[in-house]
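Residue-level structural notes
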Amino acid sequence: MTITLLPRHIAIVMDGNGRWAKNKGRPRIAGHRRGVESVRNIVDFCGQRGIEYLTLFAFSSENWRRPRSEVDFLMELLVSTLENEVQKLHANGVQLKIIGDLDSFGARIQKLVAHAQSLTFDNKKLTLTVAINYGGRWDVAEAARALAAKIASGDLLVADITEQLVAEAMSTAGIPDPDLFIRTGGETRISNFLLWQLAYTELYFTDVLWPDFDEIQLDLALSSFAGRQRRFGRTGEQIL
Ligand code: FPP
């Protein structure tokens, strides 16, 4: 399939791992394990396709409410995936970024994240951002806190706060806003993902469960994106 207009940045809510497993009579964690394979495939495929930025919602601030055993498994899966994949990502020119509130994690995870980020820092092929313990409202509140601290220290004037400055204070500073948002698993919600950054993003929802989201499914999302007209508040005639 030839895709004409490609998104620079795709953001994905990877939903449906639990149901995928349940449909097969397997424990939920089997779905998460299979979900990691989908992550691997989609990262490879985005690299091949020339997508510059991919942002994945791996664990939300709200996911702590799940049963303890599932939370523990997800954390272990994230850590082991990070440990096992970082060299391959690096060899493939992928820059890895982790966003989210990492303060509540132990030293082992923080060290691992710091190492992965510094190792891949100069890579240019694809920027892969993984959101862990992330919430869109947390991100906005953190930016507000950072700007308020600059005002308190006399480094910033209230009158000088602009949208640009707020964007630069968010965890996604330096990354362009997503062009395409994909949510798998049938729900049609943003679920506190990149609230500020999704202001003009094209939204794409599919019933396909994340473990079944493959290259064909991504191509369908890309075709849908290519067929849309992005107006950013202007009229259709102005765009044409
Ligand atoms: C949603 O499915 C999925 C998650 C909360 C976890 C996503 C994590 C991964 C795919 C694995 C690790 C990711 C990376 C980047 C290495 P769900 O459990 O809510 O499914 P359900 O709605 O069917 O219950």
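One can find the structure itself at the top, above this paragraph.
Structure report, in brief. (Residues numbered from 1 in each chain as written. Predicted model: local features only at pLDDT ≥ 70, side-chain atom pairs only at ≥ 80, totals over all residues. Heavy atoms only, no water.)

As for the site of the ligand
What counts, and what does not: For each residue, the test is whether any non-hydrogen atom lies within 4 Å of the molecule or strand; if one does, the residue is near. Counted as a polar contact is a pair of N or O atoms within 3.5 Å, where, for protein atoms, one must be capable of donating a hydrogen and the other of accepting one, and residues adjacent in sequence contribute only when both atoms are in side chains. Per-residue accessibility takes into account occlusion by the displayed protein chains alone, with areas from the Shrake-Rupley method and a 1.4 Å probe. Every helix listed is a DSSP run of H or I at least four residues long, and every strand listed is a run of E at least two residues long, numbered separately from the N terminus.
Taken together, 18 residues lie near the ligand, and D15, G18, R19, R28 and R66 sit nearest. Separating an oxygen atom of the ligand from a side-chain N or O atom of D15 is a distance of 3.0 Å. In the model, an oxygen atom of the ligand is placed 2.7 Å from a nitrogen or oxygen of the R19 main chain. Protein contact buries 90% of the 620 Å² of open area that the ligand shows by itself. Mapped by element, the contributors of at least two residues to the shell around the ligand are α1 (17–23), α2 (28–49) and α3 (68–91).

Quick look at the packing of α2 against α3
Stated formally: The axes are straight lines fitted to the C-alpha atoms, using for helices just the contacting stretch, and the angles between their N-to-C directions are given from 0 to 180°. Throughout, the term roughly parallel applies to angles under 35 degrees, roughly antiparallel to angles over 145, roughly perpendicular to angles from 65 to 115, and oblique to all others. We call a crossing left-handed when the near helix sits turned anticlockwise from the far one by less than a right angle, and right-handed when that turn is clockwise. Should any heavy atoms of two residues lie within 4.5 Å, those residues are counted as being in contact. As a working rule, the residues Ala, Val, Leu, Ile, Met, Phe, Trp, Tyr, Cys and Pro are called nonpolar, Asp, Glu, Lys and Arg charged, and the rest polar, with Gly in that last group.
Two numbers describe how α2 lies on α3: the axes approach to 11 Å, and their chain directions differ by 25°. By the angle class used here, α2 and α3 are roughly parallel. Viewed along their axes, α2 and α3 form a crossing whose handedness is right-handed. Of the residues in α3, those touching α2 at R28, I29, H32, R33, V36, R40, V43 and D44 are E70, F73, L74, L77, T81, E85, K88 and L89. Residues of the contact of α2 with α3, tallied by class, amount to seven nonpolar, two polar and seven charged.

As for the nonpolar core
For clarity, the threshold we go by: Definition used in this section: a nonpolar core is a set of buried Ala, Val, Leu, Ile, Met, Phe, Trp, Tyr and Cys residues joined via side-chain atoms within 4.5 Å. Exposure classes here rest on a 1.4 Å probe applied to the protein chains alone. A residue is buried below 20% of its type maximum, exposed above 50%, and partly exposed in between.
The biggest cluster of nonpolar side chains holds 42 residues, and the ones touching the most others in it are I10, I12, L54, L128, I182 and L218. Looking at this core element by element, the count peaks at seven residues for α3. Non-local contacts of I182, meaning those with residues more than four positions away in its chain, are made with I10, A11, I12, V13, Y204, F213, L218 and A221. Core analysis: the second largest hydrophobic core is formed by ten residues, V13, F57, I99 and F193 among them.

What to know about the packing of aromatic side chains
Applied cut-off: In this analysis, rings of Phe, Tyr and Trp, with Trp reduced to its six-membered ring, are considered paired at centre separations within 6.5 Å, and the interplanar angle assigns stacked below 30 degrees, edge-to-face beyond 60, and tilted for intermediate values.
The full count for this structure, using the stated rule, is eight aromatic pairs. Ring centres 6.0 Å apart and planes at 75° place the aromatic pair Y134 and W138 in the edge-to-face group. The buried category is assigned to Y134, whose relative accessible area is 0%.

Quick look at the pairing of strand β6 (residues 202–205)
Definition in use: Here the rule is simple: two strands pair whenever DSSP picks up at least two bridges between them.
Here β6 shows one buried face, formed by E202 and Y204, and one open face, formed by L203 and F205. By the bridge criterion, four bridges tie strand β5 (residues 180–183) to β6 in an arrangement that is parallel. In the sheet register, F181 faces β6, and the bridge partner there is L203.

Describing helix α5 (residues 136–152)
Cut-off, in case you're wondering: Helix span is expected to be 1.5 Å times the residue number reduced by one.
Compared with the 24 Å implied by 1.5 Å per residue over 17 residues, the 24 Å span of α5 between its first and last C-alpha is a close match. On the buried face of α5, the contacting elements are β4 (126–134) and α6 (163–169).

Regarding the side chain of T127
Relative to the assigned elements, T127 resides in strand β4. In this view, T127 contacts E52, Y53, L54, Q95 and K97; residues no more than four positions away in its chain are not counted.

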